[in-house]
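So you can see what is in the structure, the chains are spelled out below.
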Amino acid sequence: KEIPLIKERFDILQENYKILKNKHNGKFSAIVETCDYDALRILSELVDNFPSFKDEAEYKGRKIAFYKRAQILIGDLYCAFNGKKWGNLKNSDKITVFADYKVPQILRGYKILEYAESLANKIDNKELMYFGREEEVEIRANTIWAGEFIKEELRKNGINMRSFEVDWVLWNQ
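Fair warning: this is a prediction, and the values are worked out from it, not measured in the lab. (Residues numbered from 1 in each chain as written. Predicted model: local features only at pLDDT ≥ 70, side-chain atom pairs only at ≥ 80, totals over all residues. Heavy atoms only, no water.)

(A) Representation of the packing of helix H4 (residues 68-80) against helix H8 (residues 163-171) within the structure. In contact at an axis separation of 10 Å, H4 and H8 are set at 85° when each is read in the N-to-C sense. Overall, the two elements H4 and H8 adopt an arrangement that is roughly perpendicular. Contacts from Gly75, Tyr78 and Cys79 in H4 reach Phe164, Glu165 and Trp168 in H8. Looking at side-chain class alone, the contact of H4 with H8 contains four nonpolar, one polar and one charged residues. (Axes fitted to C-alpha atoms, helices over the stretch in contact; angles between N-to-C directions. Helix = DSSP H or I, 4+ residues; strand = E, 2+ residues; numbered from the N terminus. Parallel < 35°, antiparallel > 145°, perpendicular 65-115°, else oblique. Contact = heavy atoms within 4.5 Å. Nonpolar A, V, L, I, M, F, W, Y, C, P; charged D, E, K, R; others polar.)

In structure tokens form, the structure reads like this:
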């Protein structure tokens with residue numbers, strides 16, 4: 001079975017390694033340490049210096065920043081180190097759910113997200129949602145808000161989770 005976009009993924013991997021090698025002696029741990037174990041500073045470093053992490057769209061004349069890959073990396077770092085050492089990150093509670101394709105499907109299935117009939121038809125007919133288009137941006141933005149509402153409801157019920165942990169639970173559904 002072929003991996004989708006394998007050439008593009010390989011090119012991004014090479015580009016990211018070159019940047020990492022030139023700016024941080026090839027060590028990702030140097031980013032974490034230089035950013036003082038701060039998730040928001042790591043996020044900024046990734047977005048500012050690694051083009052593949054700059055996940056932004058324009059919506060009605062405004063820049064909308066999602067930074068999905070950068071946030072996934074931070075969540076994975078937390079998970080890989082079980083919240084310790086390089087995973088013990090300040091401000092990790094500021095990371096949102098990851099605005100991707102899977103979580104909105106889950107949220108729609110639970111009727112947390114509801115779409116206008118025309119959008120629902122496009123999605124049900126598996127029409128491509130192009131990056132940066134109004135509907136795509138709206139779905140991603142509402143996914144983030146839904147994640148925050150879920151996190152808040154869980155908190156009210158005595159369950160404290162970071163947004164990226166809520167994402168993990170939803171994604172695994």
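(B) How the structure looks around helix H1 (residues 6-24). In this model, H1 (19 residues) spans 26 Å end to end at C-alpha, consistent with the 27 Å of a helix rising 1.5 Å per residue. Considered for burial, the residues of H1 that qualify are Asn16, Ile19, Leu20 and His24. Taken around the axis of H1, the buried residues stretch over an arc of 100°, which confines them to a single face. Structural note: H1 exposes Lys7, Lys18 and Asn22 on the side pointing more than 90 degrees away from its buried face. Where H1 is buried, its residues contact helix H2 (28-34) and helix H3 (39-49). Asn25 lies just past H1 and shows a positive phi near 55°. (Expected span 1.5 Å × (residues − 1). Buried < 20%, exposed > 50% of the residue type's maximum accessible area, 1.4 Å probe, protein only. Arc of directions from axis to C-beta.)

(C) Structural view of the pairing of strand E1 (residues 56-59). For E1 and strand E2 (residues 62-65), the ladder comprises four bridges, and the chain directions are antiparallel. When the bridges of E2 are listed, Glu56 appears paired with Ala65. As consecutive antiparallel partners, E1 and E2 are separated by two residues, and within that stretch Lys60 has a phi angle of approximately 50°, a positive value. (Pairing = 2+ DSSP bridges.)

(D) Examining the pattern of salt bridges more closely. Counted by the stated rule, this structure contains 13 salt bridges. Salt-bridge contacts for Glu152 lead to Arg155; the nearest nitrogen and oxygen are separated by 2.4 Å. Note that Glu152 and Arg155 are positioned in helix H7 (residues 134-156) at a spacing of three residues, about one turn of the helix. You can call Glu152 partly exposed: its relative accessible area is 30%. Because the salt bridges share partners, they merge into one network encompassing Lys54, Glu56 and Lys63. (Salt bridge = Lys/Arg side-chain N within 4 Å of Asp/Glu carboxyl O.)

(E) The arrangement of the packing of aromatic side chains in detail. A complete count under the given rule lists five aromatic pairs for this structure. Judged by centre distance (5.3 Å) and plane angle (65°), the ring pair of Tyr78 and Phe164 falls under edge-to-face. Of this pair, Tyr78 sits in helix H4 while Phe164 sits in helix H8, placing them 86 residues apart in sequence. Looking at Phe164, the relative accessible area reads 0%, which means it is buried. (Phe/Tyr/Trp six-rings, centres within 6.5 Å; stacked < 30°, edge-to-face > 60°.)

(F) Seen up close, the environment of Asp167. As for its position among the elements, Asp167 is in helix H8. On the basis of relative accessibility, which here comes to 2%, the residue Asp167 falls in the buried class. Remark: the alpha-carbon pair of Asp167 and Ile72, spanning 95 residues in sequence, is separated by 9.8 Å.

(G) Local environment of the side chain of Asp167. No salt bridge is formed by the buried Asp167; the nearest opposite charge belongs to Lys68, separated by 9.4 Å. Beyond its immediate chain neighbours, meaning those up to four positions away, Asp167 contacts Val97, Phe98 and Val103. (Lys, Arg positive; Asp, Glu negative; His and termini not counted.)

The values are spatial; any link to function lies outside them.
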